[in-house]
Amino acid sequence: MRRARGIWRALWRNKVGMASLIFLCLVLAAGLFAPLLSAHDPLAVDMKNRLGPCTAEHLLGTDSLGRDILARLLYGARTSMGLALCVMLATVGIGSLLGLAAGTFRGLFDSLVMRVTEVLMSFPSEVLVLALVGMAGPGMENAFWACVLCRWPWYARVARSLTLGFRDMNYVAYARVAGFSRTHILVRHILPCASGEIAVLATLDCASVLLMISALSFLGLGVQPPVPEWGTMLGEAREVMILHPWQMLPPGLAILLVVAAFNFLGDALRDALDPWRTLPQPGERP
Amino acid sequence: MPGLVLRRLLALIPLLLAISFLAFCLAAASPSDPAEVALRVNDITPTPELIEETRHELGLDKPFWERYCVWLFRALQGDLGTSFVTHRPVTDEMLRALPPTLALAGFATLIVLGLGIPCAILCFASAGRPLDIVLRGLIFLGSATPSFWAGLLFIWLFAVHLNLLPTGGLSGGTSFILPALTLALPSLATYTRLLRASMLATAQQDFVLYAKAQGRSRLAILGQIVRNSLQSTLATLGMTIPKLLAGAFVVECVFAWPGLGRLCVTAIFNRDLPVIQAYVLFMGLCFVLFNLFMEVVAGLVDPRIGKGGRAR
Amino acid sequence: MITPETSHAPGGHEERALPGSPLLVARQVSVRVKDSGRVLVDRVSLAVAAGSCLGIVGESGSGKTLLCRALLALLPRGLAASGQVLFEGQDVLAMTDRERRSLRGRDTSLVTQQAMTAFDPLLTLGTQMAAFFCDRLGLGKRAAHDLVRTVLERVNLPPRVAQCYPHELSGGMLQRCMTATSLGLGSRLVVADEPTTALDAKSRRDVLLALKGLVTEQGTALILVSHDLGAVQTMADTILVLQGGRCVEYGCARTVLNAPRHEYTRYLVRTRKALSARFARFARHGGE
C-alpha cells in the first residue's frame, strides 16, 4: 500500500497526467449528470429547428433532426465513455485472472490459455472485432463483447509473464516456504505487484477501445442511431457534411480530447510507476 | 537462411490450422441460422421445408467436424464458398478487392516511412527546441485523432472546400492521396514518437561518444544513430504494416474505396457469412506470414541475429 | 568525506614533475552540475608531455571519468567545465565546436572503458576503423583499409578482426582495436579511461602492452585512468591521485608510490601491497 501512495504522489507531481485525470473525471461526471446539465432531451426530434445555429437555447446548435447537439454530446459521454470503461473493466478482469491463474498453476491450463491467446493475437484486433461483430450482427452489445473477446489475451500475457517473473522473487519464495496456499500468494503478493503494469495497459487501452467503438458506431456496426454516441453522431453529421461541415466538429473533438487525455494519463502512470526507467533525456546531440 | 524459413513455416502450420478453425467457428457460432440468412438475403420467405432444403444444400445437416474438414479441404484448394448475395465465388471477390487494399496499405506505409523518419530526425536534431515541441504536439494530435474524423475533415477541406482532390473511390493516382494519408496518420504518429525516443536513447550510447571523441563528422554520427534506431524499431514497423491493412476498413468505408475492408463491412450488413469468414481467414494468413517475413528481414539486417552476418 | 587537510591544491608540482614542454596542460579544471551547481571535480591541475604517461588513480566515483571527458571537452549534457585546458597553448574549453572537431582524432583521442559498446554494433570493425581514417586523415577507401590491416598487426590482432562485428570479439580485442585506431590516426594525446577494468589478466596485459607501444614507439602522450594501481605502476611516469573530485597527490610515479605523502595514497598503496602479498601467499600454497 505504501507503493500505491508513492505512485499517487508521483502522478500528482506530473501536471499533464493530473490534468488529464481531472478532465476525464469531469467528462465522466458530465455524462452521469447529463440530465442536470442540459434541459433538452437528446432524442427529442424538432423538424422545424433542423441544423440550427448556436443560440442561447442550443449552445452548440441542433443536428439534422433538430436535436440539441450539446445534450446529445453529454448523453453521448455516458454511452461512449461508459462503454469504453466497461470494456476495459471486463477485459482486465477476464484477462488478468486467466493470466494470473495460468502463471500460478502452470501445467495443462497454462498451455491451453497460452495457445488460445496466441491464435487470438495472431490477428490484428481490428479484424477480430470486425469479424465478431460481423458474425453476431451489428449492435451495441455485440460490439461490446467483440471488444472484450479480442483484447483479453494482451492482459493475460502481461499478467502471466509478471506472475512468472514475481514467482521467482525472494519474498514469494519465502511465502511458499512459510506454507501459504497458492491462492493466498496469488492474491496477497503477486496481484498487487502486477496491478501497476496492468493499470498502464488498461488506461492506454481505454483510448483504443473508445476509438474502436466509435469507429464501429460511425459505420453503423456498433451503437445504433437513436442512441446518442459520439461515433454515431459523427456518422449522422457525415450525411450533411457538404453544407454543414461544422456539425462534424463537436463529436470529433470530444473523441479526440478524451482519447488524448487517456493517452497522457497512461504515459504519466507509466512514468509514475517506474521512476527509475531510463528516460531518454532531451539533449546529447552529435 | 532457407532452412530457418522452412523450419519457421512448418512451425506455423498449427497456428494456421487454429486460425482456420477460429474462422470456421465464428460462422458456426453465429446466432442466426446460415440457411435462414441465405434465404432471407435473397428475399425468399423461409418456410421450414425451404430451410431444410437449403441446409442440405449448404451441407449444414452434417456433423460439425465433418463440415470443418470439408470446408478446410476446399479452402486449401482456393474455394471459400459462394457469396449469399452475389452468388459469385468468394475467392474471386476477395481477389478483386485485394489489390486496392494492398495498394492503399502500401502507399500508407510509404507515407509512414517517408514522413516519419525525417520527422523523427528533425525532432531529434532539435531536441528541446521549439521545432521539436511543435512537432511532438502534432504527433500527439495525430495519435489521438480518430481516423474516420480525420478522413471526413480531409474530404471537406481538400475535396469539397478547395476542390483539389477526389472525394473518394479509386480513380487515378490522386485518389490515393487522401485515403492513404488518413490511414497512415495514427501509425505515423506512433512510429515517429517511437523512433524519436529510440534515437535519443541511441545517442547516449558509448559508440556515439567514441565516434565523437575521434572527431567523426556530425552527419556521419547522425547516420549511425539513425541506422541503429531504425534497426531497433524494425519490429514495431513490422507490426505497423498489418495494422494498416486491418485498420483500412474504416478508411475504405469513408472514402468508398473498393477494397477488402469495405467488402467485409458490406457483407456484415448483408449477413453474407462466407465473405466474412473468408476475410478473417485471409487477414489471419496475411498477419502470420508478414510476421515471418519481418523475422527474416530482421535476421538479414542485424548481424547479431541468426546467420545473416557476413562474418562467421 | 573530505577532511580539511586533504584539500590542498597541487599548485606548482607540475614543473618539477615533468621533463620537457608539456603537450597538454590543465589549470584549475572544475566540473559542476549546471542546475544545482554541485561540484564534481574541484580545481584539478595537471600536465602531460609527449612520450610520457600520466596515471590518474582513485576509487569509483572520484571524478576520474568526468575529468577525462572535461579534458576532451566531451562532458555529458547538464555538466559544465571551467578552468583552462591548454592543448599546445590553445584552450580547448574556449574553442568552438568546429575547432574542437578539427583537434579530435589526429591530436586527441579516447579509449573508452566499455569496449563492448564502443563500436557500432551494425558495422564490421574494419568498416568503422576505415571510416575514422577516411574522415580524419583524408585517405581513400583502399588506403584506409590497408592502414587498418597495418595497425591491427601492430597491436597483435589477426587481420580477420577487420571482418568481424563487435559482438563477435572479446572486450580485450575491442580495447586493442581502439588503441589501434588511435595508432592509425597518429593521435598525439590518448586518454584511456579505465581500459583494463572489465578484462581478464591476459587481455589486460595485451591492452597495456598496446598502449605502452603507443607511448614508446609513437611518442604519444598518454593519460591512463584506472583504479588498478598495478596497471598504473607499470605504465605511468607521473601519477595524480583523485579523491572525491579533488587532487590529493600529484607527482613523479616513483615518489608517489614509494613515499606517499597523503593519507589516502598511503591507504591505496597499502591495500595494493596487502593484496599482492596475499596473492603471492596464495600462489605459493597453491603451488605446493
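This is a predicted model, so every value here is computed, not measured.

Undergrad: I'd love a proper account of the overall build of chain B, names of residues and values included.
TA: When you go through chain B residue by residue, the secondary structure sums to 13 helices and 0 strands. When the helices and strands of chain B are read in sequence order from the N terminus, they spell out α-α-α-α-α-α-α-α-α-α-α-α-α. Taken over the C-alpha atoms alone, chain B extends approximately 85 × 60 × 30 Å along its principal axes. Within chain B, the fraction of its 312 residues that count as buried is 51%. Put simply, of all contacts in chain B between residues at least 6 apart along the chain, 72% involve residues at least 24 apart. For chain B, the accessible surface area stands at approximately 14200 Å², while carbon and sulfur atoms represent 68% of it.

Undergrad: Tell me about the overall build of chain A, residues and numbers included.
TA: When its secondary structure is counted, chain A shows 11 helices and 0 strands. Buried positions account for 53% of the 286 residues belonging to chain A. Contacts spanning at least 24 positions in sequence make up 71% of the contacts within chain A whose residues lie at least 6 apart. Working note: accessible area of chain A is about 13300 Å², and carbon and sulfur atoms make up 67% of it.

Undergrad: Requested: an account of the side chain of Ser125 of chain A, with residues and values cited.
TA: Mapped onto the elements, Ser125 of chain A comes out in helix H6 (residues 125-136). In contact with Ser125 of chain A, not counting residues within four places along its chain, are Cys150 and Arg151 of chain A together with Lys243 of chain B.

Undergrad: Give me the interface of chain B and chain A: which residues, what numbers.
TA: In this complex, chain B contributes 58 residues to the contact, which on the side of chain A involves 52 residues. Here chain B and chain A share an interface that buries about 4700 Å² over both sides, 77% of which is from carbon and sulfur atoms. Summed over the three residues of chain B that lose the most area to chain A, namely Phe148, Trp149 and Leu152 of chain B, the buried surface amounts to 14% of that side. At the junction of chain B with chain A, the criterion picks out 2 salt bridges. On inspection of chain B and its partner chain A, the count reaches 4 residue pairs in polar contact (both at pLDDT 80 or more). It is helix H13 (residues 273-301) of chain B that provides the largest number of residues to the side of chain B that touches chain A, a total of 9 residues. Of the residues in the side of chain B that touches chain A, the class split is 45 nonpolar, 7 polar and 6 charged.

Undergrad: Just give me the short version of the pattern of salt bridges, but keep the residues and values in it.
TA: Proximity of charged atoms lets side chains of opposite charge pair with each other. Summed over the entire model, instances satisfying the criterion amount to 22 salt bridges over all chains. With a shortest N-O distance of 3.4 Å, Arg72 of chain A and Glu236 of chain A are connected by a salt bridge. Here Arg72 of chain A, found in helix H4 (residues 69-105), pairs with Glu236 of chain A, found in helix H10 (residues 230-239); they are 164 residues apart in sequence, far enough to count as distant. Take Arg72 of chain A: its relative accessible area is 1%, and that puts it in the buried class. With a relative accessible area of 18%, Glu236 of chain A lands in the buried category. In this structure, the salt-bridge partner of Lys202 of chain C is Asp206 of chain C, at a minimum N-O distance of 2.8 Å. Of the two residues, Lys202 of chain C and Asp206 of chain C are both situated in helix H7 (residues 201-218); the distance of 4 residues between them amounts to about one turn of the helix. Here the salt bridges share partners, and the residues they tie into one network are Arg115, Glu118 and Arg157 of chain A.

Undergrad: Could you give an account of the confidence of the model for chain B, naming the residues involved and the relevant values?
TA: Any segment with low pLDDT has predicted coordinates that should not be analysed in fine detail. Residue and element names in this part refer to chain B. On average, residues of chain B carry a pLDDT of 81, and 93% of them reach 70 or more. With pLDDT under 50 throughout, residues 307-312 is counted as low confidence; its partners more than four residues away or in other chains account for 11 contacts. Here the prediction assigns the complex a pTM of 0.80, and the interface score ipTM is 0.81.

Undergrad: Outline the packing of helix H8 (residues 174-203) of chain B against helix H11 (residues 234-254) of chain B, supporting the account with residue identities and numerical values.
TA: All names here are of chain B. Where H8 contacts H11, the axes come no closer than 10 Å and their chain directions differ by 150°. Taken together, the axes of H8 and H11 are roughly antiparallel relative to one another. H8 and H11 meet at a crossing whose hand is right-handed. Here Pro179, Thr182, Leu183, Ala184, Ser187, Tyr191 and Leu194 of H8 lie close against H11, whose contacting residues are Thr236, Leu237, Thr240, Leu244, Gly247, Ala248 and Val251. Of the residues contributing to the contact of H8 with H11, the split by class is 9 nonpolar, 5 polar and no charged.

Undergrad: Could you give me a rundown of the environment of Val48 of chain C, with the residues and numbers involved?
TA: Structurally, Val48 of chain C is set in strand S2 (residues 39-49). According to the relative accessible area criterion, Val48 of chain C is buried, its value standing at 1%.

Undergrad: An account of the packing of helix H4 (residues 125-137) of chain C against helix H6 (residues 171-185) of chain C is needed here, citing residue identities and associated values.
TA: Residue and element names in this part refer to chain C. Where H4 contacts H6, the axes come no closer than 10 Å and their chain directions differ by 25°. Compared by their axis directions, H4 and H6 come out roughly parallel. Between H4 and H6 lies a crossing of right-handed hand. Across from Leu125, Met129, Phe132, Phe133, Arg136 and Leu137 in H4, the residues of H6 making contact are Leu174, Cys177, Ala180, Thr181, Gly184 and Leu185. Taken together, the residues of the contact of H4 with H6 sort by class into 9 nonpolar, 2 polar and 1 charged.

Undergrad: For a nonpolar patch on the surface, give the residues involved together with the corresponding values.
TA: All names here are of chain A. A contiguous nonpolar surface patch, about 540 Å² in accessible area, is contributed by Leu28, Leu32, Phe33, Leu36 and Leu37. Taken together, the elements giving at least two residues each to the nonpolar patch come down to helix H2 (15-32) and helix H3 (34-37). With respect to the helices and strands, Leu28 occurs in helix H2. We classify Leu28 as partly exposed; its relative accessible area is 32%.

Undergrad: Outline the environment of Phe287 of chain B, listing residues and values.
TA: Inspection of the secondary structure assignment puts Phe287 of chain B in helix H13. If sequence neighbours within four positions are ignored, Phe287 of chain B has contacts with Met121, Ser122, Phe123 and Pro124 of chain A together with Met239 and Pro242 of chain B.

Undergrad: Can you lay out unusual backbone geometry for me, pointing to particular residues and giving the numbers?
TA: Outside of glycine, negative phi angles account for most residues, and trans bonds account for most peptide bonds. Residue and element names in this part refer to chain C. With a phi angle near 55°, Gln28 is a residue other than glycine that sits in the positive phi range. Its place among the elements puts Gln28 in strand S1 (residues 22-33). We classify Gln28 as partly exposed; its relative accessible area is 39%. Of note, Ala73 is a non-glycine position whose phi angle comes to about 55°, a positive value. Tracing the backbone through its elements, the reader meets Ala73 in the loop between helix H2 (64-71) and strand S4 (79-87).

Undergrad: Pulling in residues and values, what's your account of the pairing of strand S8 (residues 221-226) of chain C?
TA: Residues and elements named next belong to chain C. With 6 of 6 residues buried, S8 is to be regarded as a mostly interior element. Alternating positions in S8 separate into two faces, Ala221, Ile223 and Val225 on one and Leu222, Leu224 and Ser226 on the other, with burial throughout. Here 5 bridges tie strand S3 (residues 53-57) to S8, and the two strands are oriented parallel to one another. By the bridge assignment, Leu54 is partnered in S8 with Ile223. The handedness of the strand S7 (residues 189-193) to S8 crossover, carried by H7, is right-handed.

Undergrad: Explain a positive patch on the surface to me, using residue names and the numbers behind them.
TA: On the surface, Arg129 and Arg218 of chain B together with Lys34 and Arg77 of chain C cluster together to form a positively charged patch. Along the chain, Arg77 of chain C turns up in the loop between H2 and S4.

Undergrad: So what's going on with the side chain of Asp120 of chain C? Residues and values would help.
TA: Along the polypeptide, Asp120 of chain C turns up in the loop between strand S6 (108-111) and H4. Here Asn228 of chain B takes part through its side chain, which lies 2.9 Å from a polar atom of the side chain of Asp120 of chain C. Looking at Asp120 of chain C, its side chain comes within polar contact range of the main-chain nitrogen of Leu122 of chain C, at 3.0 Å.

Cut-offs used in this document
Residues numbered from 1 in each chain as written. Chains lettered and ligands numbered in written order. Predicted model: local features only at pLDDT ≥ 70, side-chain atom pairs only at ≥ 80, totals over all residues. Heavy atoms only, no water. Helix = DSSP H or I, 4+ residues; strand = E, 2+ residues; numbered from the N terminus. Buried < 20%, exposed > 50% of the residue type's maximum accessible area, 1.4 Å probe, protein only. Contact = heavy atoms within 4.5 Å. Areas by Shrake-Rupley, 256 points an atom, 1.4 Å probe, with all protein chains shown as cover. Buried area = accessible area lost by both parts, 1.4 Å probe. Salt bridge = Lys/Arg side-chain N within 4 Å of Asp/Glu carboxyl O. Polar contact = N/O pair within 3.5 Å; in protein donor to acceptor, adjacent residues only side chain to side chain. Nonpolar A, V, L, I, M, F, W, Y, C, P; charged D, E, K, R; others polar. pLDDT = per-residue confidence, 0-100. Axes fitted to C-alpha atoms, helices over the stretch in contact; angles between N-to-C directions. Parallel < 35°, antiparallel > 145°, perpendicular 65-115°, else oblique. Left-handed = near helix turned anticlockwise from the far one by under 90°. Patch = residues over 30% accessible without salt bridge, like charges linked within 9 Å, V, L, I, M, F, W, Y side chains within 5 Å. Pairing = 2+ DSSP bridges. Right-handed = clockwise from strand over helix to strand, strands pointing away. Lys, Arg positive; Asp, Glu negative; His and termini not counted. Charge placed at Lys NZ, Arg CZ, Asp CG, Glu CD.

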